[in-house]
Amino acid sequence: MTDSTKTTRNSARKQAVKDMKREMILAAARKIFAQEGLEGASLRAIAQEAGYTPAALYFHFASKEAVYATLLEESLVRLQTHMDRAQHKASSPSDRFSAASMGFFEFYHLNPKDLDLGFYLFRGGMTPKGVGKDRNQPLNNQLTAALSAITDTAVALGIDQAKATRITAEIFAHATGLLMLAHTGRMRMFNLSPVEMMESYVADRLEWILSSVTP
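Residues numbered from 1 in each chain as written. Predicted model: local features only at pLDDT ≥ 70, side-chain atom pairs only at ≥ 80, totals over all residues. Heavy atoms only, no water.

Novice: Give me the overall build of the protein: which residues, what numbers.
Specialist: A tally of regular secondary structure across the protein gives nine helices and zero strands. Ordered by position from N to C terminus, the α and β elements of the protein give α-α-α-α-α-α-α-α-α. Expressed as a percentage of its 215 residues, the buried residues of the protein come to 36%. Considering only residue pairs separated by 6 or more positions, the protein has 68% of its internal contacts joining residues 24 or more positions apart. For the protein, the accessible surface area stands at approximately 12500 Å², while carbon and sulfur atoms represent 55% of it. (Helix = DSSP H or I, 4+ residues; strand = E, 2+ residues; numbered from the N terminus. Buried < 20%, exposed > 50% of the residue type's maximum accessible area, 1.4 Å probe, protein only. Contact = heavy atoms within 4.5 Å. Areas by Shrake-Rupley, 256 points an atom, 1.4 Å probe, with all protein chains shown as cover.)

Pasting the structure below:
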């Protein structure tokens with residue numbers, strides 16, 4: 001075995017160990033954040049759950065906000081993948097609009113832990129907390145990129161960019177409202193299905209779009 005081969009293998013082994021430790025930290029962080037939220041969690045608690053010292057965590061993450069931002073970033077990647085798959089099955093622009101809109105709702109409806117991550121701003125009240133300006137903007141950009149699938153399909157149906165953006169905002173607001181009601185159990189007081197309500201709303205918005213572009 002040559003020295004270069006040994007060096008390559010050692011580097012790969014070190015990276016694998018580093019990646020494993022990082023995943024253990026993130027797994028521990030998911031549990032702590034689920035229990036305590038962003039405000040109540042601490043690096044010390046995450047380290048203890050992961051079986052490390054707080055100092056060891058600093059080799060991977062500079063702060064609890066950095067850990068949270070990483071978890072949220074991974075969640076948004078999964079959201080994008082889910083929405084892409086939903087649209088891939090659709091053929092017409094109308095179907096893609098419905099698939100993108102419902103894909104956003106379905107992802108969080110099926111993954112309540114990701115919903116908790118996405119709504120970290122509301123932990124402890126209605127005052128936005130954030131994870132730092134340098135992290136908030138990239139995360140917002142990821143969410144905007146996922147939602148752009150709704151905007152783009154609306155434009156493909158014939159409405160202008162401004163109207164498409166408004167439709168996207170309306171769907172986002174309606175979906176998040178239904179998700180929060182369903183997630184907190186408040187929807188049960190109405191004895192209604194949040195999925196059916198979302199489907200009905202998307203169908204209504206699609207009908208409005210089509211009627212707007214029909215001569």
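Novice: Got a sec to walk through the layout of surface pockets? Specific residues and values, please.
Specialist: Each pocket or cavity is described by its volume, and for the second largest pocket that value is around 220 Å³. Around the second largest pocket, the lining comprises 12 residues; the ones closest to its centre are R30, A34, K113, D114 and L117. Those elements giving two or more residues to the lining of the second largest pocket turn out to be helix 1 (3–40), helix 4 (64–88) and helix 6 (112–118). Looking at the lining of the second largest pocket element by element, the count peaks at five residues for helix 1. (1 Å grid on protein atoms, 1.4 Å probe; cavity = no way out; pocket = protein on both sides within 12 Å on 5 of 7 lines; lining within 4 Å. Points joined across faces, edges and corners; volume = space filled by probe spheres on them.)

Novice: Can you explain the nonpolar core? Please cite residues and give values.
Specialist: Judged by nonpolar contacts, the single largest core of 54 residues is most densely connected at F33, I46, L79, M83, F97, Y108 and M198. Elements that contribute at least two residues to this core include exactly helix 1, helix 2 (43–50), helix 4, helix 5 (93–110), helix 6, helix 7 (133–156), helix 8 (161–183) and helix 9 (194–213). In terms of residue count, the dominant contributor to this core is helix 4 (nine residues). (Core = buried A, V, L, I, M, F, W, Y, C linked by side-chain atoms within 4.5 Å.)

Novice: Let's hear about the confidence of the model for the protein: which residues, and what values?
Specialist: Residues at a pLDDT of 70 or more form 88% of the protein, whose mean pLDDT is 88. Below pLDDT 50 for its whole length, residues 121–128 participates in nine contacts with residues either more than four positions away or in separate chains. (pLDDT = per-residue confidence, 0-100.)

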